[in-house]
Amino acid sequence: MKKKVLGVLAALVMSASAGAFANTALGLQGGGVVGFAPGGEFLGGGDLGVTFKMSGIPVVFGGDIYIYSNGRVALGATADWWVGNPQLAGMLRFFYGLGIAGGGNALSGNFDSVYAAGRGFGGLNIFVLPTLELYLQMTLQPGAWIKLTEVHADFDFRLPVNLGFRFWF
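Residues numbered from 1 in each chain as written. Predicted model: local features only at pLDDT ≥ 70, side-chain atom pairs only at ≥ 80, totals over all residues. Heavy atoms only, no water.

S.K.: Give a description of the environment of I67 that names residues and reports values.
M.R.: Inspection of the secondary structure assignment puts I67 in strand β3 (residues 59-68). Along the chain, I67 and V33 lie 34 residues apart, while their C-alpha atoms are 9.4 Å from each other. Beyond its immediate stretch of four places on either side in the chain, I67 contacts G44, G45, G46, R72 and V73. (Helix = DSSP H or I, 4+ residues; strand = E, 2+ residues; numbered from the N terminus. Contact = heavy atoms within 4.5 Å.)

S.K.: Give a description of the nonpolar core that names residues and reports values.
M.R.: Within the largest apolar cluster, 6 residues are counted, these being V33, A37, L43, Y66, Y68 and A74. Beyond its immediate stretch of four places on either side in the chain, A37 contacts L43, F155 and D156. (Core = buried A, V, L, I, M, F, W, Y, C linked by side-chain atoms within 4.5 Å. Buried < 20%, exposed > 50% of the residue type's maximum accessible area, 1.4 Å probe, protein only.)

S.K.: Describe in detail a nonpolar patch on the surface, supporting the description with residues and values.
M.R.: On the surface, W81, V83, L88, L92, F94, Y96, L98, L124, L136, M138, V161 and L163 cluster together into a nonpolar patch covering about 1,000 Å² of accessible area. Only β4 (73-84), β6 (92-104), β8 (132-147) and β9 (152-168) provide two or more residues apiece to the nonpolar patch. In terms of residue count, β6 provides more of the nonpolar patch than any other element does, 4 residues in total. Within the secondary structure, L163 sits in strand β9. (Patch = residues over 30% accessible without salt bridge, like charges linked within 9 Å, V, L, I, M, F, W, Y side chains within 5 Å. Areas by Shrake-Rupley, 256 points an atom, 1.4 Å probe, with all protein chains shown as cover. Salt bridge = Lys/Arg side-chain N within 4 Å of Asp/Glu carboxyl O.)

S.K.: Describe the pairing of β6, and please don't skip the residues or the numbers.
M.R.: Sheet analysis places β4 next to β6, joined by 9 bridges and oriented antiparallel. Of the residues in β6, the one forming a bridge with T78 is A101. In this structure, strand β5 (residues 87-89) lies alongside β6, joined through 2 bridges in antiparallel fashion. What sits directly across from A89, in β6, is L92. Hairpin connection between β5 and β6: a loop of 2 residues separates the two successive antiparallel strands, and G90 in this loop has a positive phi of roughly 55 degrees. With 12 bridges joining them, β6 and strand β7 (residues 113-129) adopt antiparallel strand pairing. Paired with G103 across the strands is Y115, a residue of β7. (Pairing = 2+ DSSP bridges.)

S.K.: I'd like to hear about the side chain of Q137, residue by residue, with values.
M.R.: As for its position among the elements, Q137 is in strand β8. According to the relative accessible area criterion, Q137 is buried, its value standing at 9%. There is a polar contact of 3.3 Å between the side chain of Q137 and the side chain of T139. Once residues within four sequence positions are removed from consideration, Q137 is found in contact with D80, F95, R119, F121, G122, G123, P160, V161 and N162. (Polar contact = N/O pair within 3.5 Å; in protein donor to acceptor, adjacent residues only side chain to side chain.)

Read these as spatial facts, not as claims about activity.
Below you can see the structure in the form of structure tokens.
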């Protein structure tokens, strides 16, 4: 009897898992970022990252490494909620939404601050193959660097632009 119950439970878990991961996407992106750092300093640089999306959840998750013109190297993570993805013409679509970002300058010598931001984004995407999506995304990202060694926050504004691709499986 116990073996039958365990078998049924295993089958239920496996079928639920298969449905949850049936339309998963994994991709790479890269691009540039411009903006203003705390104190009004111009900020420029580049980034390289990975993205992950499950079609049943309207959120695209990402992880990036940023290298800035002021020498800072930072790690970041994003969660973007897709509000819409309407068709523009033929296979070309427009996506847009809101999200959050966080990170820290862990690779710049010491980990003394963390970053938190809101995001508003838009972009173009196209499926060149049923399993290959190409996209261009621009994001407005106001945020703040929060010092961990003192009670202090510095506000900044960024405009990341990324090209990327995702494989759907």
